[in-house]
Amino acid sequence: VEQGLVMAKGFHASSTLLALVVLACVGPSVAQNVLGIDFGSEWIKLAVVQRSAGVQIVLNEASKRKSPNAVAFGAEQRDFGDTAMVKPHLAFTHTRELLGKQFSPTLQTAYGPGYFPYEIVVDEERGAVKIKESDRFLAPETLVAMVLTYAKSMA
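Residues numbered from 1 in each chain as written. Predicted model: local features only at pLDDT ≥ 70, side-chain atom pairs only at ≥ 80, totals over all residues. Heavy atoms only, no water.

### Some remarks on the pattern of salt bridges
By the definition in use, this model includes four salt bridges. The salt bridge involving Asp123 is made with Arg126; its shortest N-O contact spans 3.0 Å. Among the salt bridges present, the one from Glu133 reaches Arg136, with a minimum N-O distance of 2.6 Å. Through salt bridges with shared partners, a single ionic network connects Asp123, Arg126 and Glu141. (Salt bridge = Lys/Arg side-chain N within 4 Å of Asp/Glu carboxyl O.)

Structural data, given as structure tokens:
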């Protein structure tokens, strides 16, 4: 019994030491801010959680709580959100719905001209969809990454 008690004390001491090491590693990251993203098909909303200030909703350039989930390409720049929707016929929207989708004629019909203002074609390498915009092809993942980078810059 006495030997079992010594082993239990040794286990307790080593588990306490392990817990302290884990807390020491996690401790500095607890003070970091957290960005929450509500990434919908049409809208994107952001909130920042700060240790000292709590939860704050991030406002866009137009002082709105939500921004259109859109990206558009101009002659020399990319436009996001409300600015991209100035010319909605040129804006890439609803790209989240194409993430991870395999190309099929059914998908092309479902998300065709009545739904998207651009052409959906097959990516031969991956079998997935890609979007044709004038003379270039863009993966939905690329467009989503652009919007998420824009969202991060607003925070």
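### So, helix H4 (residues 140–154)
Relative to the 21 Å expected for 15 residues at 1.5 Å per residue, H4 spans 21 Å between its end C-alpha atoms, a close match to the ideal helical length. Pro140, Leu143, Val144, Met146, Val147, Tyr150, Ala151 and Met154 are the residues of H4 that are buried. The buried residues of H4 occupy one face: seen down the axis, they fall within an arc of 155 degrees. Every exposed residue of H4 that faces more than 90 degrees away from the buried side is listed here: Thr149, Lys152 and Ser153. (Helix = DSSP H or I, 4+ residues; strand = E, 2+ residues; numbered from the N terminus. Expected span 1.5 Å × (residues − 1). Buried < 20%, exposed > 50% of the residue type's maximum accessible area, 1.4 Å probe, protein only. Arc of directions from axis to C-beta.)

### A closer look at the sheet that holds strand S10 (residues 136–138)
In a beta sheet, neighbouring strands pair by backbone hydrogen bonds and run either parallel or antiparallel. An order of S8-S9-S10 is seen for the three strands of this open sheet, with the pairing classed as antiparallel. The outermost strands of the open sheet, each flanked by one partner alone, are strand S8 (119–122) and S10. Taking each pair of neighbouring strands and ignoring which way they run, the sheet shows an average axis angle of 40 degrees. Sheet analysis places strand S9 (residues 129–133) next to S10, joined by three bridges and oriented antiparallel. (Pairing = 2+ DSSP bridges. Axes fitted to C-alpha atoms, helices over the stretch in contact; angles between N-to-C directions.)

### So, the sheet that holds strand S6 (residues 78–80)
Here we have three strands laid out as an open sheet, ordered S6-S5-S7, and antiparallel in their pairing. Since the sheet does not close on itself, it has two edges, and those belong to S6 and strand S7 (92–93), each with one partner. One ladder, built from two bridges, connects strand S5 (residues 70–73) with S7; its direction is antiparallel. Residue pairing for S7: Val71 is matched across the bridge by Phe92. Against the sheet, H4 touches S5, S6 and S7, its axis set at about 105 degrees to S5. (Contact = heavy atoms within 4.5 Å.)

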